[in-house]
Amino acid sequence: MPTMKSLRTGAVDKVEVVDVERPVPGPKDALIRIRACGICGTDVSFLHMGGMPARAHLGGEIVPVHLGHEPAGEVAEVGADVEGLVVGDRVVIDPTGHPSGLIGCGGTQGAMSEYLLVENAEVGKNVQAFPDHLPFAVAALNEPMAVARHAVNRSGAGSEDKVVVFGAGPIGLGAAIWLKLRGVRHVVVVDVIPSRLEKALAVGADAVINSAHEDVTGRLTELHGQAVNALGQPRPGTDIFIDAAGAPAVFNTVIGNAKSHATLVMVAVQKKGEVDLGGMLRSELTLIASQGYPTEIFEVTAELAEHHERFEKLISHVVPFAEADRAFELTLTPGAAEKVVVTFDDQP
């Protein structure tokens, strides 16, 4: 049986490359040769644990996890019953649409592998082709950009809205791009890292705020004008806040700056902290949670290809699979990288 190399969690904060059997597609499946795969914060969480807990009936011990759920690749084999795909097609994949479990998140497969099996392959459902001009590394942003797109969709932002995005990581910057592409009037990005704020301006944000050194309330009032909350207390005229940072300070800042009937969209994984419910009441603040991409996974693909030069700016490092250790070290080191994509161009 042919084998392939696959990346999984090793010891805590370590990865290991293992040889596993190369999947064999059935009549309804497609085998994808992976060409690029992004590293997500979820991968890092698994590294911190050294894997993930097994099911209770297995004793709950920590077991290795095959990593990677942000893949782009090309079709290597197609089952006889698969329609709409041919060998050589360049494709992105929905990591959630597979009978054997979530790709890279506890299922039997991870996309940080030379090959990936798309079970019951169906174009537009769990696999989607993209045009040849879109680089594989940028195509690997399809999954996180679907997360960002869902947050923007959940916000309901329109052309006349003034929006603030907290967190200039890939999801926050992706949200800023989608907001501007849908014609939103004014988008501000808030972060504490100057290089990320520079990148926010490069991808189209109208303004940035370094919350470590600037008065957020004063700057938002300057940028968005002044409004009031439900008690008539002065507040910036910001309509929508998007939390792509997940720090308790963000919630506090939003509640302290929310005008009447403002909206807060929570897309970041939240860290524990207290929420000022009274402050929310005084602004009649609407809190909307945004999880994953119920419909957006392939909604973003064509626009990602159309605007690929803008999205490419989100990638800080492209690292070959042979140096996967270095790729994950970059991701694990605070401030060392923003978005790391692993490529498989050197693989047979």
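Residues numbered from 1 in each chain as written. Predicted model: local features only at pLDDT ≥ 70, side-chain atom pairs only at ≥ 80, totals over all residues. Heavy atoms only, no water.

Asks: What exactly am I supposed to notice about the packing of aromatic side chains here?
Replies: Aromatic ring pairs are defined here through the distance separating the ring centres and the angle between the ring planes. Under the defined criterion, the tally for this structure stands at 4 aromatic pairs. Between F166 and F241, the ring centres sit 6.5 Å apart and the planes meet at 25°, which makes this aromatic pair stacked. Of this pair, F166 sits in strand β10 (residues 162–166) while F241 sits in strand β15 (residues 240–243), placing them 75 residues apart in sequence. For F166, a relative accessible area of 5% corresponds to the buried category. Between R90 and the ring centre of F136, over which it is positioned, the NZ or CZ distance is 4.0 Å. (Phe/Tyr/Trp six-rings, centres within 6.5 Å; stacked < 30°, edge-to-face > 60°. Helix = DSSP H or I, 4+ residues; strand = E, 2+ residues; numbered from the N terminus. Buried < 20%, exposed > 50% of the residue type's maximum accessible area, 1.4 Å probe, protein only. Lys NZ or Arg CZ within 6 Å of the ring centre and 35° of its normal.)

Asks: Would you mind showing me how to read the sheet that holds strand β11 (residues 186–191) here?
Replies: Hydrogen bonds along the backbone pair up the strands of a sheet, which may run parallel or antiparallel. Strands sit in the order β12-β11-β10-β15-β16-β17 across an open sheet of 6 strands; the sheet is parallel. In this open sheet, the two strands that pair with only one neighbour each are β12 (207–210) and β17 (286–289). Each adjacent strand pair in this sheet contributes to an overall mean axis angle of 20°, direction not counted. In this structure, β11 lies alongside β12, joined through 4 bridges in parallel fashion. Counted as the bridge partner of D191 is N210 from β12. The strands that helix α5 (residues 194–202) touches are β11 and β12; relative to β12, the one it contacts most, it runs at about 170°. (Pairing = 2+ DSSP bridges. Axes fitted to C-alpha atoms, helices over the stretch in contact; angles between N-to-C directions. Contact = heavy atoms within 4.5 Å.)

Asks: Teacher, can you tell me more about the pattern of salt bridges here?
Replies: According to the stated counting rule, one finds 16 salt bridges in the structure shown. Among the salt bridges present, the one from K5 reaches D19, with a minimum N-O distance of 3.3 Å. Of this pair, K5 sits in strand β1 (residues 3–9) while D19 sits in strand β2 (residues 15–21), placing them 14 residues apart in sequence. Judged by relative accessible area, which is 55%, D19 ranks as exposed. Here R149 and E299 are joined by a salt bridge, their closest N and O atoms 2.9 Å apart. Placement of the pair is R149 in helix α3 (residues 142–155) and E299 in the loop between β17 and α9 (301–306), with a sequence separation of 150 residues. Judged by its relative accessible area of 11%, R149 is buried. (Salt bridge = Lys/Arg side-chain N within 4 Å of Asp/Glu carboxyl O.)

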